[in-house]
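Tertiary structure, described
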Amino acid sequence: MTSVDSAATGRFEASRDRLASLAYRLLGSAADAEDAVQDAFLRWQAADRGRIEVPEAWLTKVVTNLCLDRLRSAQARRERAAGAWLPEPLLDGDPMLGPADTAEQRESVSLAVLMLMERLTPVERAVYVLREAFSYGHAEIAGILGITEAASQQHLHRARRRITSARRGGEVDPASARAVVEEFLAAASSGRTRRLVALLTDDATAYSDGGGFGKTPLRYASPERVAVAARAALQPTDAKRRLLGGSPVLHYAQVNGGPAVLAVLGDRVLGVAAFDVRDGRIAAMRGFAHDDLLARLNEVWRERRHDAPVLARW
């Protein structure tokens, strides 16, 4: 590798984490985000870099438009059809989650908002992410997306309206959220359905990727149905232990900025239950068990030291 190539690679690598966090917010998938960033690297290598005045702006534009191409593809539309897609969960501290200094930045990467962004058009999603998470001005966004400043403002207004109208509550104190989740876990693992219902909001909803056995996510609405689904998922049985090849331990964690419980066997995370807490109760629960949705989370998990489990034997 020549010194010129080495310098160009170094410049790209300095931007990799930021580009990956942009792509993850746009696509909701760590694997797809990594592919988009790698495609951008190949374009960077092939570009006439002497003509690129602001490399960061050039790379942001390339990654954004690569992500838009993916969102617009026929395959992506099929996979993201209503009820057929869930975002990929990431452990807090993963560089791919990106900036988290403001409430808007933290919210834009939450599982709830990643799912709500599925209601937006690809351009609305891009404008929302560039503005809310990365603080780009409308003139910059217009240049990245090839639209007018007025159009950028209109897309942002529509995106904010759609997300705000479907979102309830604000940021929750982490200690309070943990207490609610641990109480919910205790009730679920002991099979106390009535207590589970009491810990759920009246409009509680649960989503599951199918427990690793199907490709179509499941959705449960109403406190009673969510409680039954949570009890079935979290209550230990000998049959489940045989299926899993042992008895996992349950760890409390923060996933995409929110409270979660991880089922861990050996050094492998088998499943994740992530929660939205509102007004001291659980408003939403999302369950993940597919290996492809947990691949990056497992990589990060293995690199870290962990607190004692909240349930030492499941």
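Residues numbered from 1 in each chain as written. Predicted model: local features only at pLDDT ≥ 70, side-chain atom pairs only at ≥ 80, totals over all residues. Heavy atoms only, no water.

What about the overall build of the protein chain?
- Along the backbone of the protein chain there are 14 helices and six strands.
- Relative to the 2.2 N^0.38 estimate, which gives 20 Å for 314 residues, the radius of gyration of the protein chain is 21 Å and therefore close to what a compact globule would have.
- Here the protein chain, with 314 residues, has 46% of them falling under the buried criterion.
- Within the protein chain, contacts between residues at least 6 apart in sequence are counted, and of these 67% link residues at least 24 apart.
- For the protein chain, the accessible surface area stands at approximately 15,300 Å², while carbon and sulfur atoms represent 50% of it.
- Positive and negative side-chain charges in the protein chain, numbering 43 and 40 respectively, have mean positions lying 5 Å apart. (Helix = DSSP H or I, 4+ residues; strand = E, 2+ residues; numbered from the N terminus. Rg over C-alpha atoms; globule rule 2.2 N^0.38 Å. Buried < 20%, exposed > 50% of the residue type's maximum accessible area, 1.4 Å probe, protein only. Contact = heavy atoms within 4.5 Å. Areas by Shrake-Rupley, 256 points an atom, 1.4 Å probe, with all protein chains shown as cover. Lys, Arg positive; Asp, Glu negative; His and termini not counted. Charge placed at Lys NZ, Arg CZ, Asp CG, Glu CD.)

A few points about the sheet that holds strand 6 (residues 281–288)
- Judged by pairing direction, the sheet is mixed, and its six strands sit side by side in the order 2-1-6-5-4-3 without closing on themselves. Only two strands of the sheet have a single neighbouring strand rather than two, namely strand 2 (218–221) and strand 3 (249–255). Adjacent strand axes in the sheet meet at a mean angle of 20° when their direction is disregarded.
- Strand direction decides the pairing type here: strand 4 (residues 258–265) and strand 5 (residues 268–278), joined by six bridges, are antiparallel. Among the inter-strand pairings, Ala263 is bridged to a residue of strand 5, identified as Gly271. (Pairing = 2+ DSSP bridges. Axes fitted to C-alpha atoms, helices over the stretch in contact; angles between N-to-C directions.)

Looking at the packing of helix 2 (residues 30–46) against helix 3 (residues 55–72)
- The N-to-C vectors of helix 2 and helix 3 enclose an angle of 130°; their axes lie 9 Å apart at closest approach. When the axis of helix 2 is compared with that of helix 3, the two are oblique. The element helix 2 and its partner helix 3 pack so that their crossing is right-handed. In contact with Asp32, Asp35, Ala36, Asp39, Ala40, Arg43 and Trp44 of helix 2, helix 3 contributes Pro55, Trp58, Leu59, Val62, Val63, Leu66, Cys67 and Arg70. (Parallel < 35°, antiparallel > 145°, perpendicular 65-115°, else oblique. Left-handed = near helix turned anticlockwise from the far one by under 90°.)

Here we look at the nonpolar core
- One finds Phe12, Tyr24, Met117 and Leu145 to be the most contacted residues of the largest nonpolar core, which totals 48 residues.
- Listing elements by their share of this core, those giving two or more residues are helix 1 (3–27), helix 2, helix 3, helix 6 (111–116), helix 7 (122–132), helix 8 (138–145) and helix 9 (149–166).
- In terms of residue count, the dominant contributor to this core is helix 1 (nine residues).
- Excluding anything up to four places from it in sequence, Tyr24 contacts Ser29, Ala30, Ala33, Glu88, Pro89, Leu90, Met96, Leu97, Val109, Leu114 and Asn256.
- Ranked by size, the runner-up nonpolar core spans 26 residues in total, among them Phe184, Leu185, Ala263 and Trp314. (Core = buried A, V, L, I, M, F, W, Y, C linked by side-chain atoms within 4.5 Å.)

A few points about the pattern of salt bridges
- Per the counting criterion, the structure on display carries 16 salt bridges.
- Measuring nitrogen to oxygen at the nearest pair gives 3.7 Å for the salt bridge that ties Asp267 to Arg302. In this pair, Asp267 sits in the loop between strand 4 and strand 5 while Arg302 sits in helix 14 (residues 291–302), placing the two residues 35 residues apart along the sequence.
- Note on Arg302: relative accessible area 44%, which makes it partly exposed.
- One salt-bridge network, in which partners are shared between bridges, spans Glu34, Asp94 and Arg296. (Salt bridge = Lys/Arg side-chain N within 4 Å of Asp/Glu carboxyl O.)

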